[in-house]
Amino acid sequence: MMKFLNRSKALTLAGIMALTLPAGAAMAELYKVTSTAPGMSPFVINTAIAKVVNGHVKDVEFQVRATGAATKHMVDAGSGKVDFLFGSSTINWLMAENIGPFKDMKNAPELEKNIGMIFSYQIGPYHYVTRADSGIETLEDLKGRTVFAGPPGGAAKGVVLRAIQEMAGVKADEMNVQTFGYDAAIQAFQDDKIDVIVLPTNLPSPSIQQFALTKKIRIIDVNTDKLTVNIPSGGTLNVIPGDTYGSNQIGGDARTHGAIVNFSAGMHVDEEVVYQVTKAIWENLDELHETAVWMPSTIRKEGALQLIAGRLHPGAERYYREMGWEIPEATTFGKSN
């Protein structure tokens, strides 16, 4: 009897759907989109893209997930488990070279070839944030302090730890480096449980604005003159103005570094789908720009192809060629390069 009742309910539901859906209508296909934690630039961007795509691309539905490190997202996309993602040419480089978190992953170079870029943008400057009363004014003061440099296994963590050692001579084992993700780190800093948090994010960052509502903060000025910036993998030099976070930001302008990152898709995603997604992004740019004060200076046609990491996805390339965009040569990675 129970089986019969369940089947009856299923048939009734199917009948309701048949009555409510237009003839010939199809359910939208769900695509997985990964990102970094809420409040970070890639999450804001990917969420904004999802809203545009869901509203303008027929039979395509984006679902954004903000779990895990970007390095894992790249592997998942290369394996066909993730469809669209926040990408980074630094990670392309690490995968292609079998170094960093991919040193023991033999198939990482092949997985890297399975990711195609759609457009690039500046993730924003790395904010080295501390409480104004922490006694920390320079990177040299980080010895013995509790520091969040990035999620475990993430590319950002490696970038930050190398930068601190280059600029200040402080090694990772001379600090108490935390091993949690962005969400937990943001909460820990808010609760005064860590001394320094390093966040790569556009200006003004919602997370850092929240810090400045409850405490006086300092954005540490870092001596970028001592930093080797890896331009082919997207490295940039940046400055955070001293008034970005209001009266609770102590100190003047802060020099720092940043990165060019991207929105990408796995090569397993159909070319036509990526074409339509790319078209929706650029033909509804005003909707993207409404989502954050920094969005108009971040998602720009002028910088969309400034650094092509590895390769364009064929769907994106088709759109750009049809629109007459100038397409520069892609930056490729690997031991032969």
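Here the structure is a predicted model, which means the values were calculated and not measured.

### Remarks on the packing of helix H2 (residues 41-56) against helix H9 (residues 271-283)
In a pair of packed helices, the angle between the axes and the distance between the axes together describe the arrangement. At a minimum axis distance of 9 Å, the contact between H2 and H9 shows a crossing angle of 110°. Overall, the two elements H2 and H9 adopt an arrangement that is roughly perpendicular. Seen from H2, the contacting residues are Ile49, Val52, Val53 and His56; seen from H9, they are Val277, Ala280 and Ile281. By residue class, the composition of the contact of H2 with H9 is six nonpolar, one polar and no charged.

### Structural notes on the packing of aromatic side chains
All told, the structure shown has 13 aromatic pairs when counted by the stated rule. On the basis of an interplanar angle of 45° and a centroid distance of 4.6 Å, the ring pair of Phe62 and Phe84 is categorised as tilted. Residue Phe62 is found in strand S2 (residues 60-65), and its partner Phe84 is found in strand S3 (residues 84-88); the two are separated by 22 residues along the sequence. Taking the centre distance of 5.4 Å and the plane angle of 55° together, the rings of Trp282 and Trp325 count as tilted. Of this pair, Trp282 sits in helix H9 while Trp325 sits in the segment after helix H11 (314-322), and the two are 43 residues apart along the sequence. Taken individually, Trp282 and Trp325 each receive the classification buried, so the pair is uniform in this respect. Ring-pair connections join several aromatic residues into one group, and the members of that group are Tyr31, Phe62, Phe84, Phe119, Tyr121, Phe263, Tyr275, Trp282, Tyr319, Tyr320 and Trp325. The ring of Phe189 has Lys215 sitting right over it, with the charged end atom 5.4 Å from the ring centre. The side chain of Arg318 reaches across the aromatic face of Tyr275, ending 4.0 Å from its centre.

### What about unusual backbone geometry?
The peptide bond linking Leu203 to Pro204 adopts the cis configuration, its omega dihedral lying at -10°. Among the secondary structure elements, Pro204 is positioned in the loop between strand S8 (196-200) and helix H8 (206-214). Unusually for a residue other than glycine, Asp59 sits at a positive phi of about 65°. As for its position among the elements, Asp59 is in the loop between H2 and S2. At Asp192, a residue that is not glycine, the phi angle is positive and equals roughly 60°. Tracing the backbone shows Asp192 in the loop between helix H7 (182-190) and S8.

### Quick notes on the sheet that holds strand S9 (residues 217-219)
One open sheet holds the six strands; their spatial order is S7-S6-S8-S5-S9-S11, and the pairing between them is mixed. On the outer flanks of this sheet lie strand S7 (176-177) and strand S11 (249-250), each paired with one strand and no other. Of the pairings in the sheet, the one linking strand S5 (residues 126-131) to S9 comprises three bridges and is antiparallel in character. By the bridge assignment for S9, Val129 is matched with Ile219.

### Thoughts on the pairing of S8
For S8, a buried count of five out of five residues is recorded, marking the element as mostly surrounded by other parts of the structure. Where burial is concerned, the two faces of S8 agree: the one with Val196, Val198 and Pro200 and the one with Ile197 and Leu199 are both buried. Pairing between S5 and S8: five bridges, direction antiparallel. Bridging from a neighbouring strand, His127 pairs with Leu199 of S8. Bridge count for strand S6 (residues 146-148) against S8 is two bridges, and the pairing is parallel. Bridge assignment links Phe148 to a residue of S8, and that residue is Ile197.

### Focus on the pattern of salt bridges
For the structure shown, the criterion picks out 14 salt bridges. Across the salt bridge formed by Lys72 and Asp76, the nearest N and O atoms sit 2.8 Å from each other. Separated by four residues within a single helix, Lys72 and Asp76 lie in helix H3 (residues 70-78), roughly one turn from each other. On the accessibility criterion, Lys72 (48% relative accessible area) is partly exposed. Across the pair Glu110 and Lys113 runs a salt bridge, and its minimum N-O distance is 3.3 Å. Relative accessible area serves as the criterion here: at 44%, Lys113 is assigned to the partly exposed category. Here the salt bridges do not stand alone but share partners, grouping Arg131, Asp133, Arg145 and Asp195 into one network.

### Looking at the side chain of Thr298
With respect to the element layout, Thr298 can be found in the loop between helix H10 (285-289) and H11. Among the residues examined, Thr298 registers a relative accessible area of 7% and is labelled buried. A polar contact of 2.9 Å, which involves the side chain of Thr298, links it to the backbone oxygen of Trp294. Residues contacting Thr298, with those up to four places away along its chain left out, are Ile45, Tyr121, Gln122 and Asn202.

### A word on the environment of Val147
Residue position: Val147 is located in strand S6. Through-space distance from the C-alpha of Val147 to that of Val177 is 5.0 Å; in sequence the pair is 30 residues apart. In this structure, Val147 is in contact with Leu142, Met175, Asn176, Val177, Gln178 and Val196, ignoring residues within four places of it in sequence.

### Some points on the confidence of the model for the protein
Residues at a pLDDT of 70 or more form 90% of the protein, whose mean pLDDT is 88. Here residues 1-25 is a poorly scored stretch, pLDDT under 50, and it has one contact once near neighbours within four places are set aside; other chains count.

What counts, and at which threshold
- Residues numbered from 1 in each chain as written.
- Predicted model: local features only at pLDDT ≥ 70, side-chain atom pairs only at ≥ 80, totals over all residues.
- Heavy atoms only, no water.
- Axes fitted to C-alpha atoms, helices over the stretch in contact; angles between N-to-C directions.
- Helix = DSSP H or I, 4+ residues; strand = E, 2+ residues; numbered from the N terminus.
- Parallel < 35°, antiparallel > 145°, perpendicular 65-115°, else oblique.
- Contact = heavy atoms within 4.5 Å.
- Nonpolar A, V, L, I, M, F, W, Y, C, P; charged D, E, K, R; others polar.
- Phe/Tyr/Trp six-rings, centres within 6.5 Å; stacked < 30°, edge-to-face > 60°.
- Buried < 20%, exposed > 50% of the residue type's maximum accessible area, 1.4 Å probe, protein only.
- Lys NZ or Arg CZ within 6 Å of the ring centre and 35° of its normal.
- Pairing = 2+ DSSP bridges.
- Salt bridge = Lys/Arg side-chain N within 4 Å of Asp/Glu carboxyl O.
- Polar contact = N/O pair within 3.5 Å; in protein donor to acceptor, adjacent residues only side chain to side chain.
- pLDDT = per-residue confidence, 0-100.

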